[in-house]
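One letter stands for each residue in the lines below.
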Amino acid sequence: MDQVFAGETSRMNATDWVASCLREMVIKGTYRPGDHLVDQHVAEMFHVSRHTARDAMKRLETDGILTARRNRGYIVRVLHTDDVHSIFAARRVVELAGITAAARGPHPATALHEALTAVEETLVPLHPDQILIANLEFHRTVAQYNDSPLIDTFFSTVLAQMRLLLSTQPRS
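### Details of the nonpolar core
Counting 36 residues, the largest nonpolar core has Val18, Leu22, Tyr31, Val42, Phe46 and Leu66 as the members making the most contacts within it. Elements that contribute at least two residues to this core include exactly α1 (14-28), α2 (39-46), α3 (50-62), β3 (73-76), α4 (81-104), α6 (128-144) and α7 (149-166). The element that contributes the greatest number of residues to this core is α1, accounting for eight residues. When neighbours within four sequence positions are excluded, Val42 is seen to be in contact with Val18, Leu22, Leu37, Ala53 and Met57.

### Notes on the pattern of salt bridges
Across all of its chains, the model carries nine salt bridges by this definition. Glu95 is the salt-bridge partner of Arg91, the closest N and O atoms lying 3.0 Å from each other. With a gap of four residues between them, Arg91 and Glu95 both fall in helix α4, about one helical turn apart. Residue Glu95 is classed as buried on the basis of its relative accessible area, which comes to 12%. Counted as one network, the salt bridges with shared partners bring together Glu24, Lys28, Glu137 and Arg140.

### Remarks on the packing of α1 against α7
Running from amino to carboxyl end, α1 crosses α7 at an angle of 40 degrees, the nearest separation of the two axes being 8 Å. Between α1 and α7 lies a crossing whose hand is left-handed. Two secondary-structure elements touch here, α1 through Arg23, Glu24, Val26, Ile27 and Lys28 and α7 through Ser156, Thr157, Leu159, Ala160, Arg163 and Leu164. Its residues assigned to classes, the contact of α1 with α7 shows five nonpolar, two polar and four charged.

Rules behind the numbers
- Residues numbered from 1 in each chain as written.
- Predicted model: local features only at pLDDT ≥ 70, side-chain atom pairs only at ≥ 80, totals over all residues.
- Heavy atoms only, no water.
- Core = buried A, V, L, I, M, F, W, Y, C linked by side-chain atoms within 4.5 Å.
- Buried < 20%, exposed > 50% of the residue type's maximum accessible area, 1.4 Å probe, protein only.
- Helix = DSSP H or I, 4+ residues; strand = E, 2+ residues; numbered from the N terminus.
- Contact = heavy atoms within 4.5 Å.
- Salt bridge = Lys/Arg side-chain N within 4 Å of Asp/Glu carboxyl O.
- Axes fitted to C-alpha atoms, helices over the stretch in contact; angles between N-to-C directions.
- Left-handed = near helix turned anticlockwise from the far one by under 90°.
- Nonpolar A, V, L, I, M, F, W, Y, C, P; charged D, E, K, R; others polar.

All quantities given are derived from atomic positions and should not be read as evidence of function.
So, in structure tokens, the structure goes:
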């Protein structure tokens, strides 16, 4: 776990780091809709205090990724049809701006081509989770052309919600 997210702690406080790591774990499919998270487990996993873990999960609740359960921790949110419009509206705004910025840049197609190649490579073994992750990473690359850390953070939340939306079903 620490190796996957190495280097992140130097740019953000512990709460931001844990929230960012948990968000990425949702994007990668480690946590799926309906999965249960408790502060003690999260604190142990990231070697932080329970207070820090709770604050990080509260942030993800605010972002619409987790839902609090009184005295029982959090669950990964199950999205519904009415969430679709909001998610796609956010993607449209961010990605159109990213494509416009990419077209004006010195090497507009390089990163987009690499991301698209990664998506195409996942089609060979046809593993749905790998295809979904590569697709989300392609959209992250498009958004990163905006060259804004604030938009990158916002779009990570959008990607996490996309992952929840596209997850076939919660684990039982």
